[in-house]
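Report on the structure
Below, each chain spelled out in residue letters.
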Amino acid sequence: MSHASRNLLRNSVLVSMSFFPGTALLAQSITVVSFGGSYARASQEAYHKPFTEETGIEVLLDDYNGGLAQIRAQVETGSVFWDVVDLNLDDATRGCDEGLFELIDPASLAPGLDGSTPQEDYYPDMLSECAVGLILYSTVYAYNSELIGGVHPQTLDDFFDMERFPGRRGMRRTPAVNLEFALMADGVPAEEVYPVLDTEEGLDRAFRKLDIVKDQVVWWEAGAQPPQMLADGEVLMTTAYNGRIFNAQVLENQPFEIVWDGQVLDSAHLAVLAGTPRFSAAMQFIEFASRPSSLAGVGRHIAYSPARRSAEALISTHLETGVEMRPHMPNTPEHTVRAVYSDWQWWSDNGDEMNERFIVWLSR
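The numbers attached to residues start from 1 for each chain and follow its sequence in the written order. For a predicted model such as this one, the threshold for reporting local features is a pLDDT of at least 70, and the threshold for listing and counting side-chain atom pairs is 80 or more; totals across whole chains, interfaces and linings nevertheless cover every residue. Side-chain metrics rest on all non-hydrogen atoms present in the structure, leaving aside hydrogens and water.

**Re the overall build of the protein**
Secondary structure assignment for the protein yields 14 helices and 10 strands. C-alpha atoms of the protein, sized along the principal axes, occupy 70 × 45 × 35 Å. Burial here depends on accessible area, computed with a 1.4 Å probe over protein chains only, as a share of the maximum for the residue type. Under 20% is buried, over 50% is exposed, and the range in between is partly exposed. Across the 364 residues in the protein, those meeting the buried criterion constitute 54%. Within the protein, residue pairs in contact and separated by at least 24 positions form 74% of the contacts whose partners lie at least 6 positions apart. Per-residue and other accessible areas were derived by the Shrake-Rupley procedure at a 1.4 Å probe size, with only the shown protein chains allowed to occlude residues. Split by element, the accessible area of the protein, about 15400 Å² in all, is 51% carbon and sulfur. Two residue types count as positive, namely Lys and Arg, and two as negative, namely Asp and Glu; His and chain ends fall outside the count. For charged residues, the charge sits on one atom: NZ in Lys, CZ in Arg, CG in Asp, CD in Glu. Across the protein, the mean location of the 25 positive side-chain charges is 3 Å away from that of the 52 negative side-chain charges. Strands are runs of DSSP state E lasting at least two residues, helices are runs of H or I lasting at least four, and both sets are numbered from the N terminus onward. It only takes one pair of heavy atoms within 4.5 Å for two residues to be counted as in contact.

Printed below as a string of structure tokens:
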């Protein structure tokens, strides 16, 4: 079914529901899928629980590690048991093109706190046909300061320096971010990373750089793993999501340090699975979750920046510890001196090919 046909059908369903006020209450629960750990807990506190309090609709939380495989299987078989999924923009874009997600009308979303339209209030690329932006986060690398004596790592280059900093490294088992890190550590300026990756020579260069650490890498898949690996001394340093390291620092008093140099900024988005029988309740959830107050709520539980401009003013301190949040946010000017903004279009176009090449490289 085309986007237009799907949208017309859904609109007719919503119009028909308006004549039966109790219809939306038939969906007593929806299943929302996210990335688990401290990020999922922050989302629960910021907008899952308040949504249930406002609507009476229970939010059942499930975990996954990203990608479209499980979503595609549900939609293609007509057995949709997830309703809303938290995902990166490249997956949201590819999934939308494949008809895996419902269209979202920006007019159904709350305005900005200053009265601006959603289109004006959202940062660029945070509002798309099938997804609404939630947060900006970054992949950084971090180390346990108690395990490193003398000079501490300060640049992305240090992550690949096995002579000055011998020891095991943690990296996510995916080409995304690892390729960007490799090129920047090899001297490629942040603004030239994707043009270089667009060439065969650039890809070869990135994988050669990864070869330096490959034999010492402990691969991780879930965002909760890197802080645990650092705490256990399993690795000397590891790539990680900045918010996971922040929470380990302030909630668990872990002696972790973040190296912001070369961070890769990315974003998380919500989309509704095509064909969900709980469509109305899922769309209610999208509207609630995308309110500026909801997005800012996430940023008061974990160091991820809201995807809407007007939400920034609502972020002050960490709700549990009172720590000022702005210095820990990934999009603060001092943290973006040498940062790469993940090119969702490049990964949407090249993701499958990169995944295949990465698997071959791992098996060598």
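**Some points on the side chain of threonine 239**
Checked against the element boundaries, threonine 239 lands in strand β7 (residues 237-241). On the accessibility criterion, threonine 239 (2% relative accessible area) is buried. Sequence-distant contacts of threonine 239, defined by excluding residues within four places in its chain, comprise Thr139, Val140, Tyr141, Phe159, Gly170, Met171, Arg172, Phe181, Trp220 and Pro226.

**Details of the state of the cysteines**
Disulfides are defined as cysteine sulfur pairs within 2.5 Å. A complete count under the given rule lists 1 disulfide for this structure. Two residues, cysteine 96 and cysteine 130, share a disulfide whose sulfurs are 2.0 Å apart. Taking the torsion about the S-S bond as the criterion, the cysteine 96 to cysteine 130 disulfide, at about 55 degrees, is right-handed. On the criterion of sequence distance, the pair formed by cysteine 96 in helix α4 (residues 89-97) and cysteine 130 in the loop between α5 (118-121) and β4 (132-144) is long-range, its members being 34 residues apart. Using a relative accessible area of 4% as the deciding quantity, one classes cysteine 96 as buried. Judged by its relative accessible area of 1%, cysteine 130 falls in the buried class.

**Observations regarding the pattern of salt bridges**
Salt bridges are defined by distance alone: a side-chain nitrogen of Lys or Arg within 4 Å of a carboxyl oxygen of Asp or Glu. This model, assessed by the stated rule, comprises 18 salt bridges. Ionic pairing is found between arginine 357 and aspartate 204, a salt bridge with its closest N-O pair at 2.5 Å. Taken as a pair, arginine 357 in helix α14 (residues 344-363) and aspartate 204 in helix α9 (residues 200-214) lie far apart in primary sequence, 153 residues in all. Of the charged contacts in the structure, one is a salt bridge between aspartate 261 and arginine 338, with a shortest N-O distance of 2.7 Å.

**Some remarks on the packing of aromatic side chains**
The criterion for an aromatic pair is that two Phe, Tyr or Trp rings (for Trp, the six-membered ring) have centres within 6.5 Å, with stacked assigned to planes under 30 degrees apart, edge-to-face to planes over 60 apart and tilted to the rest. With the rule as written, the count across this model stands at 18 aromatic pairs. Between phenylalanine 81 and tryptophan 82 the ring centres are 6.2 Å apart and the planes differ by 75 degrees, which places this aromatic pair in the edge-to-face class. Take tryptophan 82: its relative accessible area is 3%, and that puts it in the buried class. In this analysis the charged atom, NZ for Lys or CZ for Arg, is taken to sit over a ring once it is within 6 Å of the ring centre and within 35 degrees of the ring normal. The ring of phenylalanine 159 is capped by arginine 169, whose NZ or CZ atom sits 5.7 Å from the centre of that ring. Here the guanidinium or amino end of lysine 214 rests over the ring plane of tryptophan 361, the centre of that ring lying 4.6 Å away.

**Considering the environment of glycine 99**
The residue glycine 99 is located in the loop between α4 and α5 in this model. Considering only alpha carbons, one finds glycine 99 and alanine 110, 11 residues apart in sequence, at a separation of 25 Å.

**Notes on the confidence of the model for the protein**
Residue-level confidence of the predictor, termed pLDDT, takes values from 0 up to 100. In the predicted model, the protein carries a mean pLDDT of 92, and the fraction of residues at 70 or more is 93%. pLDDT under 50 marks residues 1-5. Its contacts with residues more than four places away, or in other chains, come to 6 contacts. Note that pLDDT drops below 50 for residues 11-26; the model gives that stretch 7 contacts with residues more than four away or on any other chain.

**What about the nonpolar core?**
Throughout this description, the term nonpolar core refers to a set of buried Ala, Val, Leu, Ile, Met, Phe, Trp, Tyr and Cys residues connected via side-chain atoms within 4.5 Å. Ranked by size, the top nonpolar core spans 78 residues in total, and within it Tyr47, Ile71, Val85, Phe101, Leu270 and Phe285 carry the most contacts. In terms of residues, this core owes the most to one element, helix α12 (residues 279-289), which gives 8 residues. In this structure, Phe159, Leu183, Met354 and Trp361 belong to the second largest nonpolar core, which totals 39 residues.

**Brief notes about unusual backbone geometry**
A positive phi is found at aspartate 125, a non-glycine position, where the angle reads about 70 degrees. Looking at the secondary structure, you find aspartate 125 in the loop between α5 and β4. Exposure remark for aspartate 125: the relative accessible area of 43% places this residue in the partly exposed category. The residue valine 177 is not glycine, and still its phi comes out positive at about 75 degrees. Inspection of the secondary structure puts valine 177 in the loop between β5 (169-172) and α7 (178-185). Given the relative accessible area of 13%, valine 177 is considered buried.

**Let's talk about the environment of alanine 313**
As for its placement among the helices and strands, alanine 313 is situated in the loop between β9 (305-306) and β10 (340-341). Measuring from C-alpha to C-alpha, the distance between alanine 313 and proline 292 comes to 9.6 Å, with 21 residues separating the pair along the chain.

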